[in-house]
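Architecture and fold: a report
Chain by chain, the residues run as shown.
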Amino acid sequence: MRRVNADRQPGSNTARAPDVADAAGRQDLAGLVEHYRTAVPSDRAAAFKSLLAEFKSAGQAGRFDELVPALRAVLTPDLDYTSLQALHRLHKSLPPKETTGKALKLAVLGGFTTHQLKDFIETYLFAAGLSCEIYEADYGLFRQEILDPTSHLYEFKPDRVFMATNWRNLGYLPALSDDPQRVADLMDREYHDWATLWQVAHQRLDCQILQNNFDVPPWTSLGNYESRHPAALATYVAGLNRLFAERAPPYVTIHDVDRLAADIGRRAWGDQRFFLQAKLPCAPEYLVNYAYNVSSIMAAEHGRSRKCLVLDLDNTLWGGVIGDDGLGGIRVSQGDAEGEGFLAFQTYVKALKARGVILAVCSKNDEKIAREVFEKHPDMVLKLDDISLFMANWNDKASNLRAIALQLNIGIDSLVFVDDNPAERAIVRRLVPEVAVPEVTTDPVEFIEILERHQYFQVASLGAEDFKRSEYYRTNAMRATIESSAANIDDFLASLDMQAAIGPVTPQNLERATQLINKSNQFNLTTRRRSSAEVMALMNDPTWLTVTAQLSDRFGDNGLVSVVLAHSVGNSLEIDTWLMSCRVLKRGLEQSVLNHLCELAIKQGLSRLRGEYMPTSKNDLVREHYPNLGFISIGAEPDGRTSWELPLAERKPIKTFIKMAAET
Amino acid sequence: MSEQLDRLQDVFRDVFGDPSIVLSPSTTADAIDGWDSLAHINLIIAVEKRFGVKFATAEISRLKEEGANVGSLLQVLSGKLQPTK
């Protein structure tokens, strides 16, 4: 809660660096980052300069524990070109062991100069916790690289290929005088050529391909009539983009560059001077946005999207302070510009919720009074059942955010926190740096723009599951209520009337299975990520078994919640991947999946299962997974990895409370 | 002129990440470590932003030709800044 602007003096944050030196005279990097992020525009350049100087001296002094998180915190999408280059140099000067995270191998095949773009992508991926090895093909050679089996591309063996191309790389441009049939034929031929490139690269590499669509040029031949004439360049390019969106196979991710160009403004984006000078795809300063977008998509495909939006209430969801102003005094009504601004933000948030972003409230307020706004105010767009977790109390927000992550059973690093109060933002950034806290203004309409710019909830793919997610979290809260009232756990499980459908990965559930493979962190034994292309390859490989499980109960359908990938080697079935969504923990589903695996293995004449546990910072939950299921230990490595075996002779299925649906 | 040289020097230091760069009108690309055609683009963007000017395509080319130096850059710059002063 914030009293009217008392704690915020615009312009009070001056360029002079805050006094954050410790006893040894060293600057506190986190404090300097905060100072830079909250600087008013006229002070930003100076704040960046002093920050950069301190970053450099921290690097020289080897204070990487402090430097790496501070550097990540500064790598937001609103940097300018020259600053991002300076940060890229700093990033590249870190010793390799400081930048390791999950590594990916990325090939950038450019139809234009990709040098700066790939540098920026690398640095933004580092900010997202992904390190990458990059192969950059020579300018303009993307077709040859893919078609020639002896090219460097295939030597490099990437797991991601980024086709950095634009409309200048199109093969068949129509003439204005061409008739509609001729234009349609050209477009078909054009699509076919690109589809062939994807197919060849995919067949040879089993990799996911990120393909740019085409940014419509900022000029027209026909003025206002351009959009009505199929042979006009802008119309032709837009048509191709639609074709890409509709027809590209699952192993191709389309990067919507055209949308980015439109967001920025086509004329500013398409500054041709830099294409003529250096074959750059857009005005250089927008390479920052370009790279941020690309890396947010790749990060999303690696499960790095955030999951939950946590909202403050007073002056964030409505104008004013409910505790002081009362239901009639807060500004959140139709007919008042400020109130409608807050409603516009609520509408935006509600749409995020509809596609699977979990919503939570974290507010310093009396809970009863705060809830009343959702229950009783007639104009509120957000209702209580949109909010998966409502936390209004007088505790500090950092503790409340930790509690929210714990209760929702998601990582603290999957939270985004929006609060109009700069003091609360600063303290949350300091105490729980894992939570993303965008620097917002006091205008709710700008909240939307700022959240959009950061793409915290970037979507790699979208399935039916996503539309139901917030319902899962709400019904889970209902299940928790019953659990606490049931006399014992067996009674509780029996009362759920659970039914599971267990079967292989199919073309119908491939997207969802891949999404789980790339998102699950906690109940995940080996945390091996795979693109849909790679999963598809396993589906077609007779030595591999793929298993998925879907669970429903009397509260609703939980959807597809578990995936196992296993490989038969000799007379063992080796479990490469076993993961499960945490929303069905402790229901006995893993036991049912094990029973199924054993049946499959016996059918194939195998005599044992083998599994391994590879520890990460997030999967401690399943450290004892295999021994709990009756596996015996066959090895333990110093790095914490353990191996397990389950002989199949004389094994009896484990009893669970889950009924099997007819197998799919 | 010397005030603009100072501002330009600041831009060079940021772009090349080297706070020890000292410019004079006779400084050429060879004298500055890393001033290649790629860095030239980086420099042009940073100068445009800092001075609020826009270079023509031909000017960008001319400024990296043989014989061009910081003095030529200053000359083009002051041509652009003059009318508004």
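**Digging into the overall build of chain B**
- Per the secondary structure count, chain B includes four helices and zero strands.
- Counting from the amino terminus, chain B carries its helices and strands in the arrangement α-α-α-α.
- By principal-axis analysis of the C-alpha atoms, chain B measures approximately 35 × 25 × 20 Å.
- Per-residue burial for chain B yields a buried fraction of 46% across its 85 residues.
- Contacts in chain B between residues far apart in sequence, at least 24 positions, make up 54% of those at least 6 positions apart.
- Surface summary for chain B: the accessible area is close to 4,500 Å², and the carbon and sulfur share equals 49%.
- Side-chain charges in chain B split into 9 positive and 12 negative, and the spacing between the mean points of these groups amounts to 9 Å.

**Observations regarding the interface of chain A and chain B**
- With 17 residues of chain A in contact, the opposing surface of chain B contributes 19 residues.
- Both sides together, the interface formed by chain A and chain B hides about 1,500 Å², and carbon and sulfur atoms give 53% of it.
- The three residues of chain A that bury the most area against chain B are Thr82, Arg273 and Gln277 of chain A, which together make up 39% of that side's buried surface.
- Summed over the shared surface of chain A and chain B, the result is three salt bridges.
- Put simply, chain A and chain B have nine residue pairs in polar contact (both at pLDDT 80 or more) between them.

**Digging into the sheet that holds strand β9 (residues 415-418) of chain A**
Residue and element names in this part refer to chain A.
- With respect to topology, four strands assemble into an open sheet ordered β8-β7-β6-β9, the strand pairing being parallel. Each edge of the sheet is formed by a strand with only one pairing partner; in this case those strands are β8 (389-393) and β9. Mean inter-strand twist for the sheet, computed between neighbouring axes without regard to direction, equals 20°.
- Bridge analysis of strand β6 (residues 308-311) against strand β7 (residues 358-364) gives four bridges, and the strand direction is parallel. Within the sheet, the bridge partner assigned to cysteine 308 lies in β7 and is isoleucine 358.
- Along the sheet face, helix α16 (residues 367-376) touches β7 and β8 and points at about 135° away from the line of β8.

**A closer look at the sheet that holds strand β10 (residues 498-503) of chain A**
Residues and elements named next belong to chain A.
- A sheet is described by the order of its strands in space; here eight strands give the open sequence β15-β16-β14-β13-β12-β11-β10-β17, paired in mixed fashion. On the outer flanks of this sheet lie β15 (632-636) and β17 (658-660), each paired with one strand and no other. Across the sheet, the axes of successive neighbouring strands diverge by a mean angle of 30°, strand direction being ignored.
- Pairing of strand β11 (residues 544-553) with strand β12 (residues 556-569), which is carried by nine bridges, proceeds in the antiparallel orientation. Counterpart to leucine 545 in the pairing with β12 is alanine 566.
- Against the sheet, helix α22 (residues 510-519) contacts β12 and β13 (572-580), and its axis sits at roughly 80° relative to β12.

**A closer look at the packing of aromatic side chains**
Residues and elements named next belong to chain A.
- Taken as a whole and judged by the stated rule, the model has 22 aromatic pairs over all chains.
- Judged by centre distance (5.1 Å) and plane angle (80°), the ring pair of tryptophan 198 and phenylalanine 244 falls under edge-to-face. A residue pair is termed long-range when its members are at least 10 positions apart, and tryptophan 198 in helix α8 (residues 180-205) and phenylalanine 244 in helix α9 (residues 233-247) qualify at 46 residues. For the pair tryptophan 198 and phenylalanine 244, a shared accessibility class is recorded, and that class is buried.
- Seen from their ring centres, tryptophan 269 and tyrosine 290 are 5.5 Å apart, and the 25° between their planes marks the pair as stacked. Here tyrosine 290 lies in helix α13 (residues 287-301) and tryptophan 269 lies in helix α11 (residues 266-269), a separation of 21 residues in the sequence.

**Things to note about helix α10 (residues 257-264) of chain A**
Residue and element names in this part refer to chain A.
- When we look at burial in α10, the residues that qualify are Val257, Asp258, Leu260 and Ala261. Buried residues of α10 fall within an arc of 160° about the axis and therefore sit on the same side.
- In this structure, the buried residues of α10 make contact with β4 (208-212), α9, β5 (252-255), α11 and α13.
- At the C-terminal side of α10, glycine 265 shows a positive phi close to 115°.

**Structural notes on the pairing of β12 of chain A**
All names here are of chain A.
- What sits between the antiparallel neighbours β11 and β12 is a turn of two residues.
- With eight bridges joining them, β12 and β13 adopt antiparallel strand pairing. Following the sheet pairing, valine 569 is matched in β13 by serine 572.
- Between β12 and β13, which pair antiparallel and follow one another directly, the connecting turn spans two residues, one of which, glycine 570, has a positive phi of 60°.

**So, a nonpolar patch on the surface**
- A cluster of nonpolar residues, Val459, Leu462 and Phe467 of chain A, forms a patch on the protein surface that exposes about 270 Å² of accessible area.
- Mapping valine 459 of chain A onto the fold places it in the loop between α19 (444-454) and α20 (464-485).

**Brief notes about helix α1 (residues 29-37) of chain A**
Residue and element names in this part refer to chain A.
- Of all nine residues in α1, eight are buried; the element is thus mostly enclosed.
- Every buried residue of α1 is accounted for by Leu29, Gly31, Leu32, Val33, Glu34, His35, Tyr36 and Arg37.
- Its side-chain oxygen at 3.2 Å from the backbone nitrogen of alanine 30, aspartate 28 defines the N-terminal cap of α1.

**Focus: the nonpolar core**
- Ranked by size, the top nonpolar core spans 87 residues in total, and within it Phe55, Phe162 and Tyr290 of chain A together with Leu8, Phe12 and Phe55 of chain B carry the most contacts.
- If one sorts the elements of this core by residue count, α13 of chain A sits on top with nine residues.
- When near neighbours in sequence (up to four residues on either side) are disregarded, tyrosine 290 of chain A contacts Phe112, Leu117, Phe162, Asn212, His255, Val257, Leu260, Trp269, Pro281 and Cys282 of chain A.
- If you look at the next biggest cluster of nonpolar residues, it comprises 40 residues, including Leu551, Ala566, Leu589 and Leu606 of chain A.

Conventions and cut-offs
Residues numbered from 1 in each chain as written. Chains lettered and ligands numbered in written order. Predicted model: local features only at pLDDT ≥ 70, side-chain atom pairs only at ≥ 80, totals over all residues. Heavy atoms only, no water. Helix = DSSP H or I, 4+ residues; strand = E, 2+ residues; numbered from the N terminus. Buried < 20%, exposed > 50% of the residue type's maximum accessible area, 1.4 Å probe, protein only. Contact = heavy atoms within 4.5 Å. Areas by Shrake-Rupley, 256 points an atom, 1.4 Å probe, with all protein chains shown as cover. Lys, Arg positive; Asp, Glu negative; His and termini not counted. Charge placed at Lys NZ, Arg CZ, Asp CG, Glu CD. Buried area = accessible area lost by both parts, 1.4 Å probe. Salt bridge = Lys/Arg side-chain N within 4 Å of Asp/Glu carboxyl O. Polar contact = N/O pair within 3.5 Å; in protein donor to acceptor, adjacent residues only side chain to side chain. Pairing = 2+ DSSP bridges. Axes fitted to C-alpha atoms, helices over the stretch in contact; angles between N-to-C directions. Phe/Tyr/Trp six-rings, centres within 6.5 Å; stacked < 30°, edge-to-face > 60°. Arc of directions from axis to C-beta. Patch = residues over 30% accessible without salt bridge, like charges linked within 9 Å, V, L, I, M, F, W, Y side chains within 5 Å. Core = buried A, V, L, I, M, F, W, Y, C linked by side-chain atoms within 4.5 Å.

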